[in-house]
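# Per-entry structural report
One letter stands for each residue in the lines below.
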Amino acid sequence: MAVYKYRAITSEGIIVSNKIEENNRSAVIKKLKRNNLVPINITEQIAITKKQTKTKKRNIKDIEDIMKNVNTSNIIANRERKQESYVQKINKALMKTEKITDRDIVIFTQKFYLLKKANFNNIHALSTIISSTENYMFKGILEDILAGVEAGENMYTTMEYYSNVFPYIYINMIKVGELSGSLTNSLEQAIKYLDDTASLNKKIRSILVPNLIQFVALIIMLVVGTLVAIPAIQSVLDAVGSKDTLPEITLWFKNFLDGVIAHWYIPTIAIVGIVVGIIAYIRTPKGKYNFDYFKYTMPVFGKLIFSLDFSRLMQAMLLNLNNGMRIQDALEVSKNVSKNYVMLSIVETSINNILIGQSWIEPFEKSGLPSSMITEMLKIGMKTDLAEMMEKLLEYMHIDIDNTMEKIMKVLPQIVYSIVGVLLIFVVLVVLVPCIEVYMGNFLFSAYGY
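Residues numbered from 1 in each chain as written. Predicted model: local features only at pLDDT ≥ 70, side-chain atom pairs only at ≥ 80, totals over all residues. Heavy atoms only, no water.

## Things to note about the nonpolar core
In terms of nonpolar packing, the biggest core is built from 35 residues, with F310, M314, W360, L378 and M390 touching the most fellow members. Mapped onto this core, the elements with two or more residues apiece are α14 (302-322), α15 (327-334), α16 (341-355), α18 (372-383) and α19 (386-440). Examining the composition of this core, we find that nine residues originate from one element, α14, more than from any other. Among all residues touching M314, those that are not within four sequence positions of it are L378, M390, L393 and L394. Counting residues in each nonpolar core, the second largest holds 33 residues, with Y113, A125, Y170 and I171 among its members. (Core = buried A, V, L, I, M, F, W, Y, C linked by side-chain atoms within 4.5 Å. Buried < 20%, exposed > 50% of the residue type's maximum accessible area, 1.4 Å probe, protein only. Helix = DSSP H or I, 4+ residues; strand = E, 2+ residues; numbered from the N terminus. Contact = heavy atoms within 4.5 Å.)

## Quick notes on the layout of surface pockets
Space inside the largest pocket adds up to approximately 970 Å³. For the largest pocket, the lining is made up of 34 residues, of which I169, Y193, T197, L308 and R312 are closest to its centre. Elements with a minimum of two residues in the lining of the largest pocket: α9 (168-180), α10 (183-240), α13 (285-297), α14 and α19. Examining the composition of the lining of the largest pocket, we find that twelve residues originate from one element, α10, more than from any other. Its residues assigned to classes, the lining of the largest pocket shows 13 nonpolar, ten polar and eleven charged. (1 Å grid on protein atoms, 1.4 Å probe; cavity = no way out; pocket = protein on both sides within 12 Å on 5 of 7 lines; lining within 4 Å. Points joined across faces, edges and corners; volume = space filled by probe spheres on them. Nonpolar A, V, L, I, M, F, W, Y, C, P; charged D, E, K, R; others polar.)

## A word on the confidence of the model for the protein
Averaged over every residue, the pLDDT of the protein is 80; the share at 70 or more is 83%. The weakest mean pLDDT in the protein belongs to helix α3 (residues 74-77) at 42; the strongest belongs to helix α12 (residues 265-282) at 93. Low confidence marks residues 47-61, where pLDDT is under 50. Its contacts with residues over four positions away, or in another chain, come to 18 contacts. Taken together, the stretch residues 68-82 has pLDDT below 50 and engages in 20 contacts with residues farther than four places along the chain or on a different chain. (pLDDT = per-residue confidence, 0-100.)

## Some words on the side chain of S186
Among the structural elements, S186 can be located in helix α10. Taking relative accessible area as the criterion, S186 reaches 1% and is therefore assigned buried. Those residues in contact with S186 that lie beyond four places of it in its chain are M173, V176, G177 and L319.

## Looking at the packing of aromatic side chains
Inspection of every chain in the model, using the stated rule, returns 13 aromatic pairs. Taking the centre distance of 6.3 Å and the plane angle of 45° together, the rings of W252 and F253 count as tilted. The exposure class of F253 is buried, given its relative accessible area of 8%. Judged by centre distance (5.2 Å) and plane angle (85°), the ring pair of Y296 and F306 falls under edge-to-face. Of the two residues, Y296 sits in helix α13 while F306 sits in helix α14, which places them ten residues apart along the sequence. For Y296, a relative accessible area of 5% puts it in the buried group. Looking at F306, the relative accessible area reads 5%, which means it is buried. Each residue in the set F108, F112, F138, F166 and Y170 is aromatic and connected to the rest through ring pairs, giving one cluster. (Phe/Tyr/Trp six-rings, centres within 6.5 Å; stacked < 30°, edge-to-face > 60°.)

## Examining unusual backbone geometry
Located in the positive-phi region is N119, a residue other than glycine, with phi close to 70°. Within the secondary structure, N119 sits in the loop between α5 (102-117) and α6 (122-131). For N119, a relative accessible area of 72% corresponds to the exposed category.

## A look at empty space enclosed by the protein
Enumeration over the complete set of coordinates arrives at two cavities of 30 Å³ or more. A volume near 40 Å³ is recorded for the second largest cavity. Elements that contribute at least two residues to the lining of the second largest cavity include exactly α9, α10 and α14. The leading source of residues in the lining of the second largest cavity is α14, at three residues. Residue composition of the lining of the second largest cavity, grouped by class: five nonpolar, two polar and one charged.

Below, the structure is given as C-alpha cells:
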C-alpha cells in the first residue's frame, strides 16, 4: 500500500490534514467521502528508507478518529492559544457555504482548453488547474475527476456523478470529445455553449426582470387599490348622498376579489391541483415526450431550441466522423448531447434505419422539424462528402440561429410590453378612473340635486 497525505474540509468547514495508507488515489477519495470529508489536496508520499525514522500513523477509521489525530490548518492549531478573529470566523463561514457557480465551470473549461491546446495530457492539465482553483468544493470534485483519470477512467464517467454541478449537455460534449479523440474541439464547443447560454440568459433577464417587477407592482396596485381605495370612494359617495355609482368594471372586479377572498381555498386547491397534475403528467414517458415536442413547436422559442439541439448533434457527429467512426456509431455516441425525448427518438429511428438498410436522414425529414434545406444538404452530403457538407451545414445553421435570436430579442420586448400595457389599462379603468372622478368633485352635483 502507498502512503498518501491529504488535506480535506469537514462538514463544519474545518480544514484537516493527515496521512492514510491505500492502494490508489481513488480509494483515498472514496474513504474520505464516506467520512463526510471533501478532499482539497492529495499527494503520494515518497517511500521511507531504512535510514529514515518512521513515524507510525493511525489509519483513517471515522470522523471522530480523524479529529483526535489531526494536523489542522493554522486556525485550528492556534485555537487554544488565542481566540479566532472575526475575519477568520467569516472566512470559515464562507468556506462552509461556498457554492459552485457557472463562473467556476467556465474558468475551468477555458483553462483546460488552453492546456490541451498546448499538448498537456489530461492528468497534467487537471493537476495544474487544481493547484490554482480557489473554490474548495470545486477543487474536491476536480480531485475526484483526476483520481478517476489516473485510474484509467474517462473524465465524463466521474462528471456524471456530479450532474448537479456540470450541465447535462456539457457532460455529453466531454463524452463525445473523449470517445472520438477530439477533446480539444469538444472543449472549444463547451466554452461556446457556456458563453452563448450565459449571453442569452443575460439578454432575456434584462428584458423580463424589469417588466416582471412592473407587472407585480401593477398587480399589487390593482388589488390594494380595489380593496382599499374603492370602498373609501363608495363611502364618500354614500356620506354626501350622491346618486353617482362606480364604473361597472370596478364593481365587477371588486365583487370578484371579495368572492376570491371569501372562498380562497377553492382557487388555491384548483391551482395546486393543476400544477401537480401537469408535473405528474410530464414525469410520465408520454407526457415528457409531448412536453418536449411542445418545446420544439412553441411560439417564439421553439425554432431556436430545436436548432440549438440539432446543431449540437451535427457538431458531435462531425467530430466522430472526422475520427473514422461509422455513421451508425457516430449517431449512437452523439445522441445524448440532447436530453429531448423527441430528438432522442428521431436518432434511435435513424440508427434502426441504418440497420435495415434505409436512409438515416428520413426520420428527421418526416418529423417536419428541420427545414428542407437542412435535410437536402445532408442528402447531398451522403452522395459526396458527408463531413465536408456537415461543416457547411453547421455554418448555415449558426447564421440561422443568430438571425433567430435577433428576431426573438426584437419580438420578446413587444410581447412583454403588450402584457404589461393591458394590465396597466385595466388598473386605470378599475382604480384610477374612480379616483379621478372623486378628485374632480362631479359627484357633488348629484348630491345637491343638480
